[in-house]
Amino acid sequence: MQILPAKVALKRKGLRLFPMSSEDATPATLSGDPPSAVGAIDAATAPTSLPEDAATHRWSPATRIAFRFAFCYFGLYCLCNGNATIWQTIPVVGNNIQDIFARVFSLPAQFLAGHLFHVPPPGDHFHPTGSGDTAIIWICVLLLLVVSFFATILWSVLDRRRPHYQTLAAWLRFLIRLTLGFGMVTYGIDKVFPLQMSPPTIAALSEPLGMHSPMSLLWNFIGLNPLYEMICGGAELLAGVLLLFRRTALAGAIFTAFVVFNVLAYNLFFDVPVKLYAGHLLLLSLFVILPDARALFRFFWQHQPAAPTGVWVPPASRTAFRRATVAVEIVFAALAIGGDALGATFGMIRRHHQDIAPCALCGDWRIDTADFASPTGRTVQLPPRVSGQPATEFIVNNPSLAVLRDVTGDVSYFPIKTDTAARTITFDTSHITYFAATPDSSHLILTPAGAAATTTATLHLTLLTPPGGYPLLHRGFHWISEFPYQR
């Protein structure tokens with residue numbers, strides 16, 4: 001039997017091969033490869049529509065049960081996790097809708113935290129936090145697992161005769177890749193506009209290396225050079241954008257898996273409290289890759305021809321539906337990228353105004369003495385205290401933030417208002433204003449003003465290291481170095 005070459009169909013969307021019969025098949029098909037290895041089965045480009053749920057196509061019982069659980073767990077997580085969900089892209093009301101869906105699990109979790117698990121305060125209730133690994137969030141994930149488990153059992157009993165869930169799998173994958181893509185775009189833009197990791201502050205620079213927490217060390221390392229942070233963010237942004245479109249979704253999922261694995265490693269090894277979210281991003285990316293795992297294995301490991309078979313949009317033969325799906329992808333991408341980029345732009349503008357604001361008092365100041373005039377007229381030296389411990393350093397990071405460090409090395413942050421013209425510093429929390437006097441460039445005297453003059457000590461300080469005296473910030477890059485600059 002002579003093997004005839006396959007007919008070549010040149011379409012507007014690209015070059016495709018469609019074997020006409022078993023006698024007109026390619027060698028790859030005759031070697032036992034499935035037809036999908038030659039022509040990608042795709043809802044938007046396939047010559048015939050994909051099999052519907054009533055077709056003869058059949059999944060194994062284990063596959064059907066696994067899909068039911070994945071649909072319940074990942075579907076609920078994408079809609080209710082409360083962090084970078086598709087609801088957030090809706091203008092004006094998106095954040096409110098996201099909060100409403102998040103309460104589906106967070107409110108029961110808060111009740112269980114206090115009444116079943118007896119979590120001590122403050123973990124037993126919602127509180128302001130930058131952590132994604134709080135006790136309540138862990139309980140939310142546990143609730144999600146339990147609900148998905150019992151929903152899977154009920155679903156398997158009521159729908160045990162259905163041969164497969166081809167259409168439902170397409171919808172789930174569509175939801176997952178939009179959710180995953182938006183999450184990657186959000187975190188990527190926060191690094192492309194270097195806002196997530198700021199350059200080290202004066203307080204961080206003056207802290208002994210061993211006193212840094214692992215997370216603080218990581219944040220300062222990445223934020224030290226904004227260009228490095230932008231490159232990291234560019235990788236996340238590219239992965240997210242690729243995920244948002246059907247034709248590039250597989251490449252985006254593979255790229256996302258590599259990028260998020262590195263992020264998860266950072267979170268695990270440097271104790272960054274976003275481990276749960278990063279772990280779920282990795283699971284979501286692997287789920288998108290899963291339908292094409294066999295084709296990827298054949299291509300990269302066995303070096304054989306293979307084609308992706310993942311269905312990136314719900315099966316449909318109607319042109320209007322396919323065009324509507326593409327329109328949804330484009331609008332969603334525009335809202336996701338445009339909204340985050342706009343917010344990041346305003347953030348960079350605020351950062352720029354803060355950086356260029358004059359700050360003659362910025363620096364790391366050692367507290368030498370604190371003089372207090374007693375009612376008898378005698379001057380008494382009383383060391384200022386922070387949380388019961390004597391304070392040793394007064395650090396002005398920028399015109400709006402100051403830090404007091406005590407003898408144990410602990411720090412307390414205080415929002416301040418600095419008036420350069422009047423040479424005053426006002427602490428927002430205590431509403432105490434100090435007049436600042438500089439006898440010379442290395443010394444500072446802070447004298448309390450107004451009613452505080454009778455109850456607050458006058459501080460005498462000495463500058464330890466000026467803002468421009470840190471080699472970590474100002475060493476820069478050198479193509480030629482006769483000796484390593486290591487100190």
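Up top is the structure these notes are about.
As a starting point, this report considers the structure included with it. Worth saying up front: this structure is predicted, and the values here are computed from it rather than measured.

What counts as what
Residues numbered from 1 in each chain as written. Predicted model: local features only at pLDDT ≥ 70, side-chain atom pairs only at ≥ 80, totals over all residues. Heavy atoms only, no water. Helix = DSSP H or I, 4+ residues; strand = E, 2+ residues; numbered from the N terminus. Buried < 20%, exposed > 50% of the residue type's maximum accessible area, 1.4 Å probe, protein only. Contact = heavy atoms within 4.5 Å. Areas by Shrake-Rupley, 256 points an atom, 1.4 Å probe, with all protein chains shown as cover. Core = buried A, V, L, I, M, F, W, Y, C linked by side-chain atoms within 4.5 Å. Expected span 1.5 Å × (residues − 1). Bend = angle between axes of the 7 residues up to and from the residue.

Below, the discussion takes up the overall build of the chain. Helix and strand content of the chain: 13 helices and 12 strands. In the chain, buried positions account for 39% of the 487 residues. If you take every contact in the chain between residues at least 6 apart in sequence, the share linking residues at least 24 apart comes to 59%. Accessible surface computed for the chain: about 27,000 Å², of which carbon and sulfur atoms make up 67%.

Core analysis: the largest hydrophobic core is formed by 57 residues, its most contacted members being Phe 67, Phe 74 and Ile 176. Looking at this core, the elements that each hand over two or more residues are α2 (61-80), α3 (94-115), α4 (135-158), α5 (166-192), α8 (226-243), α9 (249-269), α10 (275-289) and α12 (319-356). Of all the elements, α5 adds the most residues to this core, at 11 residues. Among all residues touching Ile 176, those that are not within four sequence positions of it are Phe 74, Cys 78, Leu 284, Phe 287 and Val 288. Membership of the second largest hydrophobic core comes to 27 residues, among which are Ile 202, Val 396, Ile 416 and Tyr 470.

Residue pairs three or four apart in sequence face the same way in an α-helix, which turns once every 3.6 residues. Counted at 1.5 Å a residue, the expected span for α10 with its 15 residues is 21 Å, and the 21 Å between its end C-alpha atoms agrees. Along α10, 12 of the 15 residues are buried, which leaves the element largely enclosed by surrounding structure. Buried residues belonging to α10 abut α2, α4, α5, α9 and α11 (293-300).

Bringing α3 into the picture now. The end-to-end C-alpha separation of α3 is 32 Å, in line with the 32 Å expected for 22 residues at 1.5 Å each. Within α3, the axis deviates most sharply at Arg 103, by approximately 50°. For α3, the set of buried residues is Gly 94, Gln 98, Ala 102, Phe 105, Ser 106, Ala 109 and Ala 113. As for α3, its buried residues are in contact with α2 and α4.

Turning next to unusual backbone geometry. The amide bond that connects Pro 121 to the next residue, Pro 122, takes the cis arrangement and shows omega of 0°. Note on placement: Pro 122 falls in the loop between α3 and α4. Unusually for a residue other than glycine, Val 92 sits at a positive phi of about 70°. Tracing the sequence through the fold places Val 92 in the loop between α2 and α3.

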